[in-house]
Amino acid sequence: MVTRPDSAGQVAPAGLEPVRTLLNSWLIPNDSRQPADEFGQLARDQRWRGQTARLMRELRDDLRQVVETGDTSDLNDWIARLDLRLAVDDGKLVYRHHGGMAGDLLAAVVGAIGDGSWRRLKACPDCHWVFYDNTRNGGKRWCLMYAGGPGGRACGTIAKVRRYRHRQATAAES
Ligand SMILES: [Zn+2]
């Protein structure tokens, strides 16, 4: 499993990290800057075959839409399809389903919506890498504000430089 552009600071809480791994099987690598779909590699690593692999890929694509657009309404279709139900077990809330691994991930997503952590799972507006915003105020926008992790391309810094150059250019014109 490829883990670029990443650093420990962007790792999601335990239940959400497998969701983030699935989402980042589609990525835009730093070196080529060409979108790459590495789902096949992830599926081999996880031993997802046939129907399971097709379901996981479909879930990945839909969850990516949810993360990128912030529109969570598609999740209702998945909740119905995988028969996700809330239950009480030994005084705790649990999710039951018939969705195998896809159901486990969907339960993690729904649980994260419930506890408010879901909105901290974000896609970088530049490279689309999905990261977890561990900052205190939850105001992080880009995958890495400063180059830090292996292969980190510091999208936020690049955007800052672009804005600065733009300001310089417009100041020169006026
Ligand atoms: Zn980025």
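Before going into details, it helps to say that this report is about the structure given with it. Predicted model only: the values in this text are computed from it and were never measured.

## Focus on the nonpolar core
In globular proteins that are soluble, nonpolar side chains generally tend to be buried together.
For step 1, the next point in the chain: Counting residues in hydrophobic clusters, the biggest one holds 32 residues, and the most contacted among them are Val19, Leu105 and Val109.
For step 2, the next point in the chain: For this core, the elements supplying multiple residues, two or more each, are α1 (17–23), α3 (50–69), α5 (100–115) and β6 (130–132).
For step 3, the next point in the chain: Looking at which element gives the most residues to this core, the answer is α5, with seven residues.
For step 4, the next point in the chain: Contact partners of valine 109, with chain neighbours within four places excluded, come to Val19, Leu63, Leu75 and Trp118.

## Some words on the pairing of strand β4 (residues 92–96)
For step 1, the next point in the chain: Two elements, strand β3 (residues 85–89) and β4, share five bridges in a ladder whose sense is antiparallel. Bridge assignment links arginine 85 to a residue of β4, and that residue is arginine 96.
For step 2, the next point in the chain: In this structure, the hairpin formed by β3 and β4 is closed by a connection of two residues, where aspartate 90 is found at a positive phi of approximately 55°.

Definitions and limits used
Residues numbered from 1 in each chain as written. Predicted model: local features only at pLDDT ≥ 70, side-chain atom pairs only at ≥ 80, totals over all residues. Core = buried A, V, L, I, M, F, W, Y, C linked by C-beta atoms within 7 Å. Buried ≥ 20, exposed ≤ 12 C-beta atoms within 10 Å, placed from the backbone. Helix = DSSP H or I, 4+ residues; strand = E, 2+ residues; numbered from the N terminus. Contact = placed C-beta atoms within 7 Å. Pairing = 2+ DSSP bridges.

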